[in-house]
Amino acid sequence: MAMLLSKSRELINLKTKIGLLLPYVYHHHHTLISPNITISFGILGLNNHPHLASFRFESTKAQIQLNPMHNIIDHHSQVLNFPGGEVKFTSNLNFIPETTEERVHCYRVLDDDGYPITNDFAQIEKEVALNIYTDMVTLQTMDTIFYEAQRQGRISFYVTALGEEAINIASAAALKTDDFIFPQYREPGVLLWRGFTIQEFAHQLFGNKNDYGKGRQMPIHYGSNKHNYITVSSPVATQLPHAVGAAYALKMDAKNACTIVYFGDGGSSTGDFHAALNFAAVLDAPVIFFCRNNGFAISTPVTDQFRSDGVVTKGQGYGIRSIRVDGNDALAVFTAVQEARKIAVNEHKPVLVEALTYRAGHHSTSDDSTKYRPATEIEWWRTARDPISRFKKWIEREGWLNSEAESELRSNIRKQVLQAIQVAEKVEKPPIKDIFTDVYDVPPANLQEQETFIHETIKRNPQDYPTDVPL
């Protein structure tokens, strides 16, 4: 107490040292320091005073602490100048409700029949529209055939993006090549849009020596330095903080680019989600958080995950601009991401996009989704709300596509995928030595011992090891 009184007397005496500065410093409400006046606290000997606010962010609100005896409450307007900003008082005892009466609206451009319901969307040229459609069809075809290949035992695992093709391709089309992609595992279409070939996808799935990951990753864990596509990581939502850190680095380097990080509704139920959003908001990182809310985190429905109105409302809690969009509407997704990128790059602000969609396939080849949702529901979303069919109807009405071109497109893509599988199957696997490389510049003794041991074991028991793996 004595120490506090001593400090208080020091600060009271400060008033006489400041002298005539005070009438010009206080706001007319007698609560705020004027933002137009700069005081050199060095000449007053106040630089290191523990009771003074930090001037790191040049905040004028915190400077009221210069005079702790001054009343920080304006009794006329009933406003409290709290460190986070002015807060009005009220005599009404009201709790903020847990939900609003009406859910946040969902932005869309095309209705289910492909008719525009608004003119408020980004105009897309014919070439871009056809490329979007081509890649959506390609992604759908890849998913169908690669899924069948897994069922035949030719690859060990696969994840489809059925029903989420618009999210993949349209969002990718709205970005720039300098933007960095932090995927979850259901965004191969983003990599496809950037130029990753069907053959490159096949090499990764088969884990052969042409796989950029050298066969170390599970199938569908794609990555490409060339395309600024960070390698997929299985743990849910770990990519979110990484994307924010990378975005902050882009900002510090004054790059005209942003990062975008994809995740599902299940990812928003993790701690990394909340840490990443707060991190991004506080540091004004140019990052787009793109949530694919497809209703299920594997078998867990959103109703068992959270009581909030989806994911979009969580952005506001962290001070992040947010929008909800129809994830099955390619034009809506393209427009929303294009605008989100402008905010991120031009204003250095994070943005949250929640795309409402539906996973029209199983979670993975290890899942049977009919165990936790009706097969009729899946089929309705697969047909009545198919994003590819909706976009096709729009480009057909624009006169950019006809049935003959459509049939030829699908036939050619199917041939390309089948050919890619045949090629990838015949390529030998990465050599055993690649298990021990790319971590240490000089492998430590224990790794050298392990490498010697595995070579000797294979030589003793060759019948137990595949013949297409070079020693």
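As the structure is a prediction and not an experimental result, all values here were calculated from the model.

Peer 1: Can you break down the overall build of the chain residue by residue, with the values?
Peer 2: Each helix and strand in the chain was counted, giving 14 helices and 10 strands. Counting every position in the chain, which comprises 471 residues, the buried fraction comes to 45%. Of the contacts formed within the chain by residues at least 6 apart in sequence, a portion of 72% connects residues at least 24 apart. For the chain, the computed accessible surface area is about 25100 Å², with 54% contributed by carbon and sulfur atoms.

Peer 1: Go over the pairing of strand β5 (residues 259-264) with me, naming the residues and quoting the values.
Peer 2: With six of six residues buried, β5 lies mostly within the body of the structure. Judged by which residues are buried, β5 turns out to be covered on both faces: T259, V261 and F263 on one side and I260, Y262 and G264 on the other are all buried. As paired strands, strand β4 (residues 180-182) and β5 are joined by three bridges and run parallel to one another. Opposite F180, over in β5, you have T259 as the bridge partner.

Peer 1: Go over the pattern of salt bridges, please, and point to the residues and values.
Peer 2: Under the defined criterion, the tally for this structure stands at 25 salt bridges. Measuring nitrogen to oxygen at the nearest pair gives 2.5 Å for the salt bridge that ties R321 to E347. With R321 in strand β9 (residues 321-326) and E347 in helix α10 (residues 330-347), this residue pair connects regions lying 26 residues apart in the sequence. Note on E347: relative accessible area 40%, which makes it partly exposed. Here D326 ties to R385 by a salt bridge, and the two come within 3.2 Å at their closest N and O atoms. One end of the pair, D326, is in strand β9; the other, R385, is in the loop between α11 (375-383) and α12 (387-397), with 59 residues separating them in the sequence. Each member of the pair, D326 as well as R385, is classed as buried. Here the salt bridges share partners, and the residues they tie into one network are R108, D112, D326, R385 and R390.

Peer 1: Hey, could you go over the environment of V282 for me, with residue numbers and the actual values?
Peer 2: For V282, the location among the structural elements is in helix α8 (residues 271-283). In the structure, V282 is positioned 68 residues away from P350 in sequence and 9.6 Å away in space, judged by C-alpha atoms.

Peer 1: Quick one: what's the story with the confidence of the model for the chain, residue by residue and with numbers?
Peer 2: Across the chain, the average pLDDT comes to 87, with 84% of residues at or above 70. Residue range residues 1-70 is modelled with pLDDT below 50. Its contacts to residues more than four positions away, or to other chains, number 55 contacts.

Peer 1: I'd like a description of the sheet that holds β4, backed by residues and values.
Peer 2: Judged by pairing direction, the sheet is parallel, and its five strands sit side by side in the order β4-β5-β6-β10-β9 without closing on themselves. Two strands lie at the open edges of the sheet, namely β4 and β9, each paired on one side alone. Strand after strand, the sheet turns through a mean of 20° between neighbouring axes, direction not considered. The sheet strands contacting helix α4 (residues 165-173) are β5, β6 (287-293) and β10 (351-356), and the helix crosses β6 at an angle near 165°.

Peer 1: Account for helix α14 (residues 445-460), with residues named and values stated.
Peer 2: With 16 residues, α14 should reach 22 Å at 1.5 Å per residue; the first-to-last C-alpha distance of 23 Å fits that figure. Of all the residues in α14, the buried ones are L447, H455, T457 and I458. Each buried residue of α14 sits inside an arc of 165° when the element is viewed along its axis, so together they form one side. Facing away from the buried surface of α14 by more than 90 degrees, the exposed residues are A445, E449, F453, K459 and R460.

Peer 1: How would you summarise α12 if you had to cite specific residues and measurements?
Peer 2: Along α12, the residues classified as buried are P387, I388, R390, F391, W394 and I395. Looking straight down α12, one finds that the buried residues subtend no more than 165° of arc, so they occupy a single side. Buried residues belonging to α12 abut α3 (126-151), α4, β9, α10 and α13 (403-426).

Peer 1: Account for the packing of aromatic side chains, with residues named and values stated.
Peer 2: Evaluation of the coordinates by the stated rule reveals 12 aromatic pairs. Taken together, a centroid distance of 5.6 Å and an interplanar angle of 40° make the contact between F391 and W394 tilted. Here F391 and its partner W394 are both found in helix α12, three residues apart, which amounts to about one turn of the helix. An identical accessibility class is assigned to F391 and W394; each is buried. Here a set of aromatic residues connected by ring pairs shows up, and it is made of F196, F201, Y212 and Y222. When the ring centre of F296 is taken as origin, the NZ or CZ atom of R373, which lies over that ring, is 5.6 Å away.

Peer 1: So what's going on with the nonpolar core? Which residues, and what values?
Peer 2: Of all hydrophobic cores here, the largest spans 76 residues; its most connected members are F146, F290 and F391. In contact with F391, not counting residues within four places along its chain, are L110, A129, I132, Y133, M136, A330 and L331. In this structure, V261, F263, A280 and F306 belong to the second largest nonpolar core, which totals 21 residues.

Peer 1: Provide a residue-level description of the side chain of N168, including the pertinent values.
Peer 2: Structurally, N168 can be placed in helix α4. A distance of 3.1 Å separates a polar side-chain atom of N168 from the backbone oxygen of R186. Setting aside chain neighbours within four positions, we find N168 in contact with L139, A161, R186, E187, P188, G189 and V190.

Peer 1: Account for the side chain of E187, with residues named and values stated.
Peer 2: Topologically, E187 is positioned in the loop between β4 and α5 (188-193). Overall, the relative accessible area of 0% leaves E187 in the buried class. At 2.5 Å, the side chain of E187 and the side chain of R292 are in polar contact. Those residues within four positions of E187 in sequence are excluded, and the remaining contacts are N168, Y229, Y262 and R292.

Cut-offs applied
Residues numbered from 1 in each chain as written. Predicted model: local features only at pLDDT ≥ 70, side-chain atom pairs only at ≥ 80, totals over all residues. Heavy atoms only, no water. Helix = DSSP H or I, 4+ residues; strand = E, 2+ residues; numbered from the N terminus. Buried < 20%, exposed > 50% of the residue type's maximum accessible area, 1.4 Å probe, protein only. Contact = heavy atoms within 4.5 Å. Areas by Shrake-Rupley, 256 points an atom, 1.4 Å probe, with all protein chains shown as cover. Pairing = 2+ DSSP bridges. Salt bridge = Lys/Arg side-chain N within 4 Å of Asp/Glu carboxyl O. pLDDT = per-residue confidence, 0-100. Axes fitted to C-alpha atoms, helices over the stretch in contact; angles between N-to-C directions. Expected span 1.5 Å × (residues − 1). Arc of directions from axis to C-beta. Phe/Tyr/Trp six-rings, centres within 6.5 Å; stacked < 30°, edge-to-face > 60°. Lys NZ or Arg CZ within 6 Å of the ring centre and 35° of its normal. Core = buried A, V, L, I, M, F, W, Y, C linked by side-chain atoms within 4.5 Å. Polar contact = N/O pair within 3.5 Å; in protein donor to acceptor, adjacent residues only side chain to side chain.

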